[in-house]
Amino acid sequence: PLRRQRQMCIRDSSSTDFQNLESQEKFVARQMHTWMGIMFENNFAQYQMGLLTDDYWKQQEERIRSWWEKCELRPLSQQVQSFQAYLDSLPQTCGE
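Report follows, based on the coordinates. For clarity, every value in this text was computed on a predicted model and none was experimentally measured. (Residues numbered from 1 in each chain as written. Predicted model: local features only at pLDDT ≥ 70, side-chain atom pairs only at ≥ 80, totals over all residues. Heavy atoms only, no water.)

**Section: the nonpolar core**
In terms of nonpolar packing, the biggest core is built from 10 residues, these being Phe-40, Phe-44, Trp-57, Ile-64, Trp-67, Trp-68, Phe-83, Tyr-86, Leu-87 and Leu-90. Looking at this core, the elements that each hand over two or more residues are α3 (23-48), α4 (54-68) and α5 (81-89). Setting aside residues up to four positions removed in sequence, Phe-44 forms contacts with Trp-57, Ser-82, Phe-83 and Tyr-86. (Core = buried A, V, L, I, M, F, W, Y, C linked by side-chain atoms within 4.5 Å. Buried < 20%, exposed > 50% of the residue type's maximum accessible area, 1.4 Å probe, protein only. Helix = DSSP H or I, 4+ residues; strand = E, 2+ residues; numbered from the N terminus. Contact = heavy atoms within 4.5 Å.)

**Brief notes about α5**
Of all the positions in α5, only Phe-83, Gln-84, Tyr-86 and Leu-87 are classed as buried. Each buried residue of α5 sits inside an arc of 155 degrees when the element is viewed along its axis, so together they form one side. Opposite its buried face, α5 presents the exposed residues Gln-81 and Ser-89, each directed more than 90 degrees away. (Arc of directions from axis to C-beta.)

**Regarding the packing of aromatic side chains**
The tally for this structure, following the rule as stated, stands at eight aromatic pairs. Centre to centre, the rings of Trp-67 and Trp-68 are 5.8 Å apart; their planes meet at 35 degrees, and the pair counts as tilted. Assessed through its relative accessible area of 2%, Trp-67 is described here as buried. Overall, the relative accessible area of 6% leaves Trp-68 in the buried class. Taking 6.3 Å as the distance between ring centres and 20 degrees as the angle between the ring planes, the aromatic pair formed by Phe-83 and Tyr-86 counts as stacked. Taken together, the residues span about one helical turn, with Phe-83 and Tyr-86 both in helix α5 at a distance of three residues. Under the relative-accessibility criterion, Phe-83 is labelled buried at 0%. Its relative accessible area of 14% is what places Tyr-86 among the buried residues. Among the aromatic residues, ring-to-ring pairing joins Phe-44, Tyr-47, Trp-57, Phe-83 and Tyr-86 into one connected group. In this structure, Lys-26 is placed above the aromatic ring of Phe-18, and the distance from its NZ or CZ to the ring centre is 5.4 Å. The side chain of Arg-74 reaches across the aromatic face of Trp-68, ending 3.8 Å from its centre. (Phe/Tyr/Trp six-rings, centres within 6.5 Å; stacked < 30°, edge-to-face > 60°. Lys NZ or Arg CZ within 6 Å of the ring centre and 35° of its normal.)

**Observations concerning the pattern of salt bridges**
Following the criterion strictly, the structure yields one salt bridge and no others. Residue Glu-62 is joined to Arg-65 by a salt bridge in which the shortest nitrogen-to-oxygen separation is 3.0 Å. Separated by three residues within a single helix, Glu-62 and Arg-65 lie in helix α4, roughly one turn from each other. Arg-65 gets classed as partly exposed once you look at its relative accessible area, which sits at 27%. (Salt bridge = Lys/Arg side-chain N within 4 Å of Asp/Glu carboxyl O.)

**Here we look at the packing of α4 against α5**
The contact between α4 and α5 brings their axes to 11 Å, and the two run at 75 degrees. Of the possible angle classes, the one that applies to α4 and α5 is roughly perpendicular. Within the contact between the two elements, α4 uses Trp-57, Glu-61, Ile-64, Trp-67 and Trp-68 and α5 uses Phe-83, Gln-84, Tyr-86 and Leu-87. When the residues that make up the contact of α4 with α5 are grouped by side-chain class, the tally is seven nonpolar, one polar and one charged. (Axes fitted to C-alpha atoms, helices over the stretch in contact; angles between N-to-C directions. Parallel < 35°, antiparallel > 145°, perpendicular 65-115°, else oblique. Nonpolar A, V, L, I, M, F, W, Y, C, P; charged D, E, K, R; others polar.)

Below, the structure is given as structure tokens:
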């Protein structure tokens, strides 16, 4: 039960939950978040090329927004320019 709760914490990583993770768990959460970002960047490129339907893209937009709102897990480096411009166009919920 406790291990299952920690796994959910790592996957969902809300702001409060992330701060309560141990260092190894934070590492895993960051790696998973980075992987998701790469997947979203790929989906963005495919949508720009016309390879994804609008319905699928709407679903991805919600997932990207949720991913981007995890402020402490945001990537430190710039993304591909067009994807970074898209991210910059999203509502900025993080205090910087």
